[in-house]
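Structure at a glance
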Amino acid sequence: MTARFGNRGRVLGALLAMATGASVALAAAPAQAAPKYPENYNFFSGIPDELINHGGSLPGTNKKVCKPPAAHPRPVVLVHGTGGGQQTNWGAYGAMLANRGYCVFALTYGALPLPWPATAVGGMLPIEDSARQLRTFINGVLARTGAQTVDIIGHSQGTFMPTYYMKYLGGASKVTNYVSLAPLWHGTSGDLMVPVSRFLGSLGAGDRWMPVGQALSQMLPGSAMVDKIWRGGSPYVKGVNYTNITTRYDELVLPYTSGIQPAGRSGAKVRNIVVQDTCPTDYSDHMAIAGSKRAAFMALNALDPEHPVKVPCMVVPPFTG
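Attention here is on the structure that accompanies the text. Position numbers for residues start from 1 in each chain and track the written sequence from start to end. Only residues with pLDDT of at least 70 get local features here, since the model is predicted, and only at 80 or more are side-chain atom pairs given and counted; chain-wide, interface and lining totals rely on the full set of residues. The side-chain values count all of the structure's non-hydrogen atoms but skip hydrogen atoms and water molecules.

This next bit is on the environment of Gly-101. The secondary structure listing takes helices from DSSP runs of H or I that are at least 4 residues long and strands from runs of E that are at least 2 residues long, numbered from the N terminus. Residue placement: Gly-101 occurs in the loop between α3 (94-99) and β2 (104-107). Measuring from C-alpha to C-alpha, the distance between Gly-101 and Gly-60 comes to 9.8 Å, with 41 residues separating the pair along the chain. Note on contacts: a residue pair is in contact if any heavy atoms of the two residues lie within 4.5 Å. Here Gly-101 is in contact with Pro-69 and His-72, once residues within four sequence places are set aside.

Spelled out as structure tokens, the structure:
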């Protein structure tokens, strides 16, 4: 009995010493700094910011003074999709990127010159007009930050329209990484596209609102704009690194494989990702892929492949992400 008690005492003593040592180590270790900006991986998480601050910027984005650090030398420009805006489309991305040391900028392009909330609904005007707005914005970002090029993260129309800027408006030399969420390189035959574009285009036909909804028709397969995007046999630009992040459950880009395009002879570096290939419980649809933590971490790895983060496999619901 005495020997057994002695062994137990030695074990308890060892455990106590380990616990005490761990406590001292924890006390001595510096506390991990909390993220500066709250992160919320939800496609709709930026809408409250727009409701509170019309036409404003998400926390951490569009800073007046932001010098890119050596670890992340290029500013990231967020380019929203049809009907989106600089706040409403990017609630999951602004804080995530800013917390990791990126200079983050976002614009609302293609919005009607009408009072709010119309000013928050972008991507409604012809792609040529929106691309000119993107050119002006990126030139301003480069001037403000002193960077030579930017990285782009786009969603939906925001994966398509910047190509016009790069091929026709001098943007080819100003972009290094091009990350596309739910891209549509071949256009989309989504059932909603034709009736919605016709409806929007008919709002005041014959007057100055005639172009409304033209961007939608420009993204239909076989359109003149799709042909322009494919000038030279590829939508890609030589020297740019492309990452296409797609989902099999995309209900607006049909077929979803419109966003899966090999490099071909473009001279570009291209990686195609289908989110379900590495996680069958990812049910991202067209909206959710821009709110999903999984897709967001894939985008992070596309921006900085030398320091990859682990992409979790988790249940990703549709709509919200």
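If a probe as big as a water molecule is rolled over the atoms, it shows which places are left empty. Cavity: a set of points on a 1 Å grid over the protein atoms alone where a 1.4 Å probe fits but cannot get out. Pocket: an open set with protein on both sides within 12 Å along at least five of seven lines, its lining residues, like those of a cavity, having an atom within 4 Å of a point. Grid points are joined across faces, edges and corners, and a volume is the space filled by probe spheres set on the points. In this model, the second largest pocket occupies a volume close to 230 Å³. Contributions of two or more residues to the lining of the second largest pocket are made by β5 (241-246), β6 (269-274) and α9 (293-303). Note that Gly is not counted as nonpolar here; it falls among the polar residues with everything else outside the nonpolar set of Ala, Val, Leu, Ile, Met, Phe, Trp, Tyr, Cys and Pro and the charged set of Asp, Glu, Lys and Arg. Looking at side-chain class alone, the lining of the second largest pocket contains five nonpolar, four polar and two charged residues.

What follows covers the packing of helix α4 (residues 127-145) against helix α5 (residues 157-168). All axes are obtained by fitting lines to C-alpha atoms, using only the stretch in contact for helices, and the reported angles, taken between N-to-C directions, cover 0 to 180 degrees. Running from N to C, α4 and α5 point in directions that differ by 80 degrees, and their axes come no closer than 8 Å. Our classification of the angle between α4 and α5 gives roughly perpendicular. Between α4 and α5, the contacting residues are Ile-127, Glu-128, Ser-130, Ala-131, Leu-134, Arg-135 and Ile-138 on the first element and Gln-157, Phe-160, Met-161, Pro-162, Tyr-164 and Tyr-165 on the second. Class assignment of the residues belonging to the contact of α4 with α5 gives a composition of nine nonpolar, two polar and two charged. Any angle between 65 and 115 degrees counts as roughly perpendicular, while under 35 counts as roughly parallel, over 145 as roughly antiparallel, and the rest as oblique.

Note: strands within a sheet are paired through backbone hydrogen bonds, in either parallel or antiparallel orientation. By this definition, two strands are paired if DSSP reports at least two bridges between them. Spatially, the six strands line up as an open sheet ordered β2-β1-β3-β4-β5-β6, and their pairing is parallel. Lying at the two open borders of the sheet, with one neighbouring strand each, are β2 and β6. Neighbour-to-neighbour, the strand axes of this sheet turn through a mean angle of 15 degrees, independent of strand direction. Sheet topology note: the strand β4 (residues 175-181)/β5 ladder contains five bridges and is parallel.

Here we take up α9. Three labels apply to residues, based on accessible area from a 1.4 Å probe with only protein chains included: buried if under 20% of the type maximum, exposed if over 50%, partly exposed otherwise in between. Burial within α9 is extensive, with 10 of its 11 residues counted as buried. Along α9, the positions that sit buried rather than exposed are Arg-294, Ala-295, Ala-296, Phe-297, Met-298, Ala-299, Leu-300, Asn-301, Ala-302 and Leu-303. Here the buried face of α9 lies against β1 (76-79), α3, β3 (150-155), β4, β5 and β6. For α9, the N-terminal cap is Ser-292; the gap from its side-chain oxygen to the backbone nitrogen of Arg-294 is 3.0 Å. Polar contact is defined as a pair of N or O atoms within 3.5 Å, subject to the rule that within protein one atom must be able to donate a hydrogen and the other to accept it, and that residues adjacent in sequence are counted only when both atoms are side-chain atoms.

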